[in-house]
Amino acid sequence: MKELAKAYNPKEVEEKIYQAWEVSGFFSPKIDEKKKPFVIAIPPPNVTGELHMGHALNNSIQDVLIRRKRMQGVPTLWIPGTDHAGIATQFKVEQKLQKEGLNKFDLGKEKFIEKVWEWKDEFEATILGQLKKIGCSCDWSRTRFTMDEGYSKAVLEAFQNYWDKGYIYQGERIINWCPSCKTSLSDLETEYQEDEGHLWYIKYPLAGDKNSFITVATTRPETMLGDTAVAVNPKDDRYTNLVGKMLVLPLIDREIPLIADDAVEKDFGAGALKVTPGSDMVDWDIGQRHKLEVIKIIDEDGKITKDGGKYAGLDRFEARKKVLEDLESQGLLEKIEDLPHNISVCYRCATHVEPLISKQWFVKMSELAKSTIEVLEKGDVTFTPSNWTKVSIDWLKDIKDWCISRQIWWGHRLPVWTKDTETKVSVESPGDGWVQSEDVLDTWFSSALWPFATLGWPEKTKDLEYFYPNSVNITDRGIINLWEMRMIFSGLEFMKEIPFKEIYINPTVFNKEGKRMSKSLGTGIDPLEMVDKYGADALRFGLLYQTTGTPDLKFAEDTLQMAKTFMNKIWNASRFVSMKLGDYEQIGELKFTENTEADKEIKKQFEAVAKSYNENLERYRFGQAAEEIYHFFWHQFCDVYIEKTKEQIPYPLPENPDEKLIKETKDNLLYILKNSLVLLHPMIPFITEEIYQTLPIEGKKEFLMVEEWVS
RNA sequence: GGGCGGUUAGCUCAGUUGGUUAGAGCGUCUCGUUUACACCGAGAAGGUCACGGGUUCGAAUCCCCUACCGCCCACCA
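Computed from a predicted model, the values in this text were never measured in an experiment.

Reading the values: the criteria
Residues numbered from 1 in each chain as written. Chains lettered and ligands numbered in written order. Predicted model: local features only at pLDDT ≥ 70, side-chain atom pairs only at ≥ 80, totals over all residues. Heavy atoms only, no water. Helix = DSSP H or I, 4+ residues; strand = E, 2+ residues; numbered from the N terminus. Buried < 20%, exposed > 50% of the residue type's maximum accessible area, 1.4 Å probe, protein only. Contact = heavy atoms within 4.5 Å. Areas by Shrake-Rupley, 256 points an atom, 1.4 Å probe, with all protein chains shown as cover. Lys, Arg positive; Asp, Glu negative; His and termini not counted. Charge placed at Lys NZ, Arg CZ, Asp CG, Glu CD. Axes fitted to C-alpha atoms, helices over the stretch in contact; angles between N-to-C directions. Parallel < 35°, antiparallel > 145°, perpendicular 65-115°, else oblique. Nonpolar A, V, L, I, M, F, W, Y, C, P; charged D, E, K, R; others polar. Near = heavy atom within 4 Å. Polar contact = N/O pair within 3.5 Å; in protein donor to acceptor, adjacent residues only side chain to side chain. Core = buried A, V, L, I, M, F, W, Y, C linked by side-chain atoms within 4.5 Å. Salt bridge = Lys/Arg side-chain N within 4 Å of Asp/Glu carboxyl O. 1 Å grid on protein atoms, 1.4 Å probe; cavity = no way out; pocket = protein on both sides within 12 Å on 5 of 7 lines; lining within 4 Å. Points joined across faces, edges and corners; volume = space filled by probe spheres on them.

(A) Spatial organisation of the overall build of chain A. Scanning chain A from N- to C-terminus turns up 21 helices and 27 strands. Along the longest, intermediate and shortest principal axes, the C-alpha atoms of chain A span 120 × 60 × 55 Å. Classification of the 711 residues of chain A by burial places 57% in the buried group. Taking the intrachain contacts of chain A between residues at least 6 apart in sequence as the baseline, contacts between residues at least 24 apart amount to 77%. In the form shown here, chain A has an accessible surface area of approximately 31,400 Å², with 48% of it arising from carbon and sulfur atoms. A distance of 1 Å separates the average location of the 92 positive side-chain charges in chain A from that of its 115 negative side-chain charges.

Take a look at the structure:
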């Protein structure tokens, strides 16, 4: 047996091995019509930056499944790629420009987009390189990007299809607006932030009776400039006689009606709600029910519009101050209460989201949600852990239409064309004089097509036919609604078939304190640094070891040290076997002979661990699987059996050595070692491959990567 | 406000359907320089399984309550 270096050096081994694998072509599946393939489409990392620990875990898990299936002889495809990540990436590039003292308007749209493409090229290369560093066995020949040529075609085609079916419509309604990013946001792109907040009680006089008032309570007094009604609960006795009367809107002197609506809680605040259909989601709904006039009182810059009288042009927060001052001086401010509450902020830049009226494009969700609920309820698509099925169904049951247009520059432009007053949807330009919409699509519109657009859809490709649907999708719980649900209805809509049968939600990686790992907060740990320190295998094994049933994974670096020590143990056990074998070479089939109790015991233990290990991997119990194989290898194989073989293969050799026992013990050592490497390979591909290459087995496979699996 | 998850050794966590002395890694302590490995071996200490109650012959495990931590969803202005 070829001799191994004295200590395992991951840096020397990893790059060399990875290159050999890549050149071998085994990352690409051999299509075999008789076999059902195993397919995973990578959750495409955003080209916003580098990979974090969550990616390292997510991709280690995928690689474990992929490598195991490949070794089982299944045609196995792991499609890699990246996501253009609309707002997120644009925001990054804007930040970069800002540091250079520039902004996107200085550059102009065309130049700015060029800059974004440069950024994309840089980070895409980094990300794909990082995936290789941790050992991911993706089919790089099928690498995709959500804005590559074919993919862009798929996106436009999807838009057209939805449009033809009547699912896409344009409408003027209230949407989330980020006054800083200057774009609309979907509900899922806003986050909540704790805000101290106050509740201001404001007196609205009755028309024709300056001495009678109705008091309303609001957290956003500046929006009163756009009020078109005051609402009370229909069951609220205090106001029964007043409903239908007119009130005078202070500061503006406009008459507005007092209406009754169930959405008003009579026990909250003053029991009367000022209704601003142009600046609040609830108020919009009330306005729709009562056919109220809609006044847009705050514009896209977060400033008061011309309808705001003397406040016109003021920033929304300045306007608030001014409005309060004026109310105070007019004696209309009854009282102020503290009210800690949540406010919506932009998920990118944390600016207060301004709900406002805007003409945007929407996807009608009712039918799509219905079909998705159906496949979830039937169990055609299953979750691990299973509780996410119910959570998802609940969300779908209450879903609102999806605002898909964004007023940013980076993304897929809507295939919407206008000429004078005419509007047309068309993948290609309809001809001279037609102008394409400047809006781009929500980045998730394209990600939703990932399981089939990566395979060539809308073209009827061989890949699409053979590899769709995918087998499993593995992701973080944070994007179940943003991504998983949308892939399901997109799959059902365009492929008439679910995109995958299983969804595995991997744990979310937190730091030791249980806080989100965030680069900007300085709480992140760079996985590449860990690779540098412990080796890629140790990073993978350490992460997998910590992937138990819990939804959170509090990253413990200790575990990586443990994993690194384990790698060293594997290495040294292999060195020992190598030493014992000398120049022995295994010919023919690997044999195991039970001569002694120790032989019997280790064989039994190996079979038990192999069985359990397979079961655990099938059920996504990675931590359990890692722990068991660790225990077997270290404490059963090394501590006990290897020690025993020091007797069975005595050194120095006695006068009359038991040649048969010696030979068969060598076979046994080789048998357990090789089969252990097979089992370990999906988790720790580099070191196992390196050792496998030295095993003196005649006619063994070119790579452990394609060695036969042990079940 | 609704829903979900967590709380087990000093630290990070296992514990599958309730069943003999509750496990692992790290850390600590004792001993050990043997033909791989000191990133080693042999052994030890260390836990009223968050709190309180209930079901049961038997509960870390099932049920209820409380506390703290975290996540998701949501239009109490």
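(B) Inspection of the packing of helix α6 (residues 149-165) against helix α14 (residues 480-494) at higher detail. With their axes 12 Å apart at the nearest point, α6 and α14 run at an angle of 70° to one another. Judged by the angle between their axes, α6 and α14 are roughly perpendicular. Contact with α6, carried on its side by A158, N161, Y162 and K165, involves F489, S490, E493 and F494 of α14 and no other residues of that element. Here the contact of α6 with α14 is composed, by residue class, of four nonpolar, two polar and two charged.

(C) Representation of the protein's contact with RNA strand B. Around RNA strand B, the surrounding shell holds 48 residues, and the nearest of these are T548, T550, T565, W634 and Y651. At the protein interface, 59% of the atoms of RNA strand B within 4 Å belong to sugar or phosphate. Contacts to RNA strand B include E643, whose side-chain N or O atom sits 3.2 Å from a base nitrogen. In the environment of RNA strand B, a base oxygen lies 2.6 Å from a nitrogen or oxygen atom belonging to the backbone of Y651.

(D) Representation of the nonpolar core within the structure. Counting 158 residues, the largest nonpolar core has F159, F445, F541, F633, F637 and M683 as the members making the most contacts within it. In terms of residue count, the dominant contributor to this core is helix α19 (residues 622-648) (12 residues). Discounting residues that sit within four places of it in the chain, M683 has contacts with V64, R540, F541, L544, Y613, L617, F622, A625 and A626. Among the nonpolar cores identified, the runner-up in size contains 27 residues, and I202, I298, L327 and L332 belong to it.

(E) The arrangement of the environment of Q624 in detail. Residue position: Q624 is located in helix α19. Taking the C-alpha atoms as reference points, Q624 and E14, separated by 610 residues in sequence, lie 26 Å from one another.

(F) Focus on the packing of helix α2 (residues 53-71) against helix α16 (residues 536-545). Running from amino to carboxyl end, α2 crosses α16 at an angle of 95°, the nearest separation of the two axes being 9 Å. With respect to α16, the axis of α2 lies roughly perpendicular. Note on element contacts: α16 touches α2 through L539, R540, L543 and L544, opposite M53, A56, L57, S60, I61, D63, V64 and R67. Partitioning the contact of α2 with α16 into residue classes produces eight nonpolar, one polar and three charged.

(G) Structural detail: the pattern of salt bridges. Enumeration according to the criterion identifies 43 salt bridges in this entry. Its salt-bridge partner being K322, residue D326 comes within 3.8 Å of it at the nearest N-O pair. Pair noted here: D326 and K322 are both in helix α8 (residues 316-329), with a separation of four residues, about one helical turn. By sharing partners, the salt bridges in this structure join R220, E222, R316, R320 and E354 into a single network.

(H) The arrangement of the layout of surface pockets in detail. Counted as a void, the second largest pocket has a volume near 1,200 Å³. Residue lining of the second largest pocket: 43 residues in total, with T219, R220, D280, H341 and N342 positioned closest to the centre. Of all the secondary-structure elements, those providing two or more residues to the lining of the second largest pocket are β7 (190-195), β8 (198-206), β9 (209-218), β13 (272-275), α7 (281-290), α8, β15 (341-346) and β16 (354-363). If one sorts the elements of the lining of the second largest pocket by residue count, β15 sits on top with four residues. A class-by-class count of the residues in the lining of the second largest pocket yields 17 nonpolar, 14 polar and 12 charged.

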